[in-house]
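Coordinate analysis (summary)
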Amino acid sequence: MNILVIDDELNIRKTIAYCLEGAGHRVAAVGNARDARDVTQRQGFDLAFLDLRLGTDDGLDLIPELLNNAPGIQVAVITAYATISTAVEAMRRGAVDYLPKPFTPEQILLMVQRAETVCRLQRQVEGLRADLARTEPAAHLHSRHPEMVRAIHLARQVAPTPSTVLLLGASGTGKGVLARSIHNWGDRWDKPFGVVSCPSLSHDLLESELFGHIRGAFTHAVRDAPGRIAACEGGTLFLDEIADLPLAVQPKLLRFLQDREYERVGESHTRHADVRIIAATNADLERAVREGRFREDLYFRLAVFEIRMPSLAERPDDVEALAAALLPFFAAQCHKNLQGFTDAALRALREHAWPGNVRELRNALERAAILCTSDRIDLPDLPPSLTPQNNPVMLGDPVSLEAVEERHIRLVLGNTRTFQDAAEILGVDQATLWRKRRQYSI
Ligand SMILES: Nc1ncnc2c1ncn2[C@@H]1O[C@H](COP(=O)(O)OP(=O)(O)OP(=O)(O)O)[C@@H](O)[C@H]1O
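Values in this document were obtained by computation on a predicted structure and should not be read as measured data.

A few points about the overall build of the chain
Along the chain, the regular secondary structure elements total 18 helices and 16 strands. Of all 442 residues assigned to the chain, the portion counted as buried reaches 36%. Long-range contacts, defined as pairs at least 24 residues apart, comprise 70% of the intrachain contacts of the chain with a sequence gap of at least 6.

Observations concerning the site of the ligand
Around the ligand sit 19 residues in total, of which Ser171, Gly174, Lys175, Gly176 and Val358 are the nearest. At the level of secondary structure, the elements contributing two or more residues to the shell around the ligand comprise α7 (175–185) and α15 (357–371). The class makeup of the residues in the shell around the ligand is six nonpolar, eight polar and five charged. Each of domain 2 (146–308) and domain 3 (312–387) gives at least three residues to the shell around the ligand.

Regarding α15
Its 15 residues place the ends of α15 21 Å apart at the C-alpha level, agreeing with the 21 Å of an ideal helix rising 1.5 Å per residue. Regarding α15, the residues found buried are Asn357, Val358, Arg359, Glu360, Leu361, Arg362, Ala364, Leu365, Ala368 and Ala369. Contacts from the buried residues of α15 go to α13 (319–333) and β16 (376–377).

Re the nonpolar core
If you look at the biggest cluster of nonpolar residues, it comprises 50 residues, and the most contacted ones within it are Leu167, Ile229, Leu237, Leu239, Ile242, Ile278 and Ala279. The residues that make up this core include at least three from each of domain 2 (146–308) and domain 4 (392–442). Residues in contact with Ile242, not counting those within four places in the same chain, are Cys198, Ala279, Ala280, Thr281 and Leu302. Counting 33 residues, the second largest nonpolar core, distinct from the first, contains Ala36, Phe49, Leu66 and Ile108.

With respect to the UniProt feature "domain: Response regulatory" (unreviewed entry) in the chain
Sequence positions flagged by UniProt for "domain: Response regulatory" (unreviewed entry) are, in local numbering, residues 2–116. The annotated region residues 2–116 carries 48% helix and 25% strand content, and the separation between its end C-alpha atoms amounts to 10 Å.

Some points on the UniProt feature "domain: Sigma-54 factor interaction" (unreviewed entry) in the chain
UniProt tags residues 141–370 as "domain: Sigma-54 factor interaction" (unreviewed entry). Annotation note: span residues 141–370, helix share 43%, strand share 13%, distance between end C-alpha atoms 25 Å.

Observations concerning the domain arrangement of the chain
Split by domain assignment, the chain resolves into domain 1 (2–130), domain 2 (146–308), domain 3 (312–387) and domain 4 (392–442). Measuring from the centre of the C-alpha atoms in domain 1 to the corresponding centre in domain 2 gives 39 Å.

Quick look at the packing of helix α2 (residues 33–42) against helix α3 (residues 59–69)
Here α2 crosses α3 at 15 degrees, and the two axes come no closer than 9 Å. The orientation of α2 with respect to α3, classified from their angle, is roughly parallel. Remark: the crossing between α2 and α3 carries right-handed chirality. Residue-level contacts link Ala33, Ala36, Arg37, Thr40 and Gln41 of α2 to Leu62, Glu65, Leu66 and Asn69 of α3.

Rules of the game
- Residues numbered from 1 in each chain as written.
- Predicted model: local features only at pLDDT ≥ 70, side-chain atom pairs only at ≥ 80, totals over all residues.
- Helix = DSSP H or I, 4+ residues; strand = E, 2+ residues; numbered from the N terminus.
- Buried ≥ 20, exposed ≤ 12 C-beta atoms within 10 Å, placed from the backbone.
- Contact = placed C-beta atoms within 7 Å.
- Near = placed C-beta within 6 Å.
- Nonpolar A, V, L, I, M, F, W, Y, C, P; charged D, E, K, R; others polar.
- Domains from an automatic or database assignment.
- Expected span 1.5 Å × (residues − 1).
- Core = buried A, V, L, I, M, F, W, Y, C linked by C-beta atoms within 7 Å.
- UniProt positions renumbered as here; feature names shortened; annotations may be inferred.
- Axes fitted to C-alpha atoms, helices over the stretch in contact; angles between N-to-C directions.
- Parallel < 35°, antiparallel > 145°, perpendicular 65-115°, else oblique.
- Left-handed = near helix turned anticlockwise from the far one by under 90°.

Quick look at the structure:
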């Protein structure tokens, strides 16, 4: 670790440096606030030991400056004048630890160990963030379509507030992408962002997935589980396909939205969590309320701030720019230098109805980047569904049942306004349609 010791007593500086260097750390030691500012502007540090009385300077005032000058630095306060109020104030200003003088070398080394653990976790998080950026293309949130421009503008306005947001729009329009962007644009960006897809879990499991359970609460509850709300403390929980939230769980979510309070399944102890909820649906929630499948009070609580995402078919002028923005990501994944699209490919992209919206476009580009053998994506690289005249799937053709099913689902999704309408026409429940759509990458 690179450690900075800031103390006006030479003896203390020497003792701490001796103890830390003996444990293999690199140490710089300064005796006043000015030198501390200078050295942190020139050099990076993982940890600073800061004395609170630095001659005429107050060490407390130096804490925000250190945090600002040396990103990632942790500040541990040491003082001969320890009081509860200065300890609280030091923590409030961003210190991570507090040690009254006199202290032993063991205490100093224990602090360093704790700081090392935090450093390691920070690096792991950075590594995971970089991995995530490699698995999904960056959000492209620019549009020429007034409704999409408005959606992005509203999202930016609501991002810094703790308000619950309801995202509406057909499957694949980018509700999940926008939810993550709202999280990243607000001051919760460095806190967890969790996703729970309501239809992906059985009704019984969803409640414990969200709110946690205690050991023995039900047959397979062999240990306590904190639940996703607790795991997202300080951050955001994205509830996808909220229309599928079971009626039995809806009052519990409503209470959480109103009071930020909940109980784990099988427990009576009330817990509190600071978690922002963003919900999304492609269903007609007002109809679900009329039909008694969704509580009206929960709908009104969720709909405080609604953002509707237009389908890709409604904004055909955006297709080309979106495709151009997404292509470099897939080109890099295949280690290819792809320059763009041939005119024929561009025409096919523009003319396609995109029933699967941006998800379908993303999947088409991923496939095209793999297949492309020149420096431009050409028509044959695009999925057959984009050139149906060359590859129609007709009933009775020598094709698999799956091919017919996929084509039928695509067409029905493209011709219906909501996911729920499509499920009704197809005669399956929404969870089944949701799985089929994932299966066929629609
Ligand atoms: N604005 C965008 N920029 C880049 N990629 C996008 C954008 N919108 C959507 N995508 C891509 O499309 C995929 C589907 O988007 P997303 O999951 O956000 O849609 P959705 O509306 O939440 O769909 P569903 O209702 O089916 O959950 C994403 O994985 C992402 O790769």
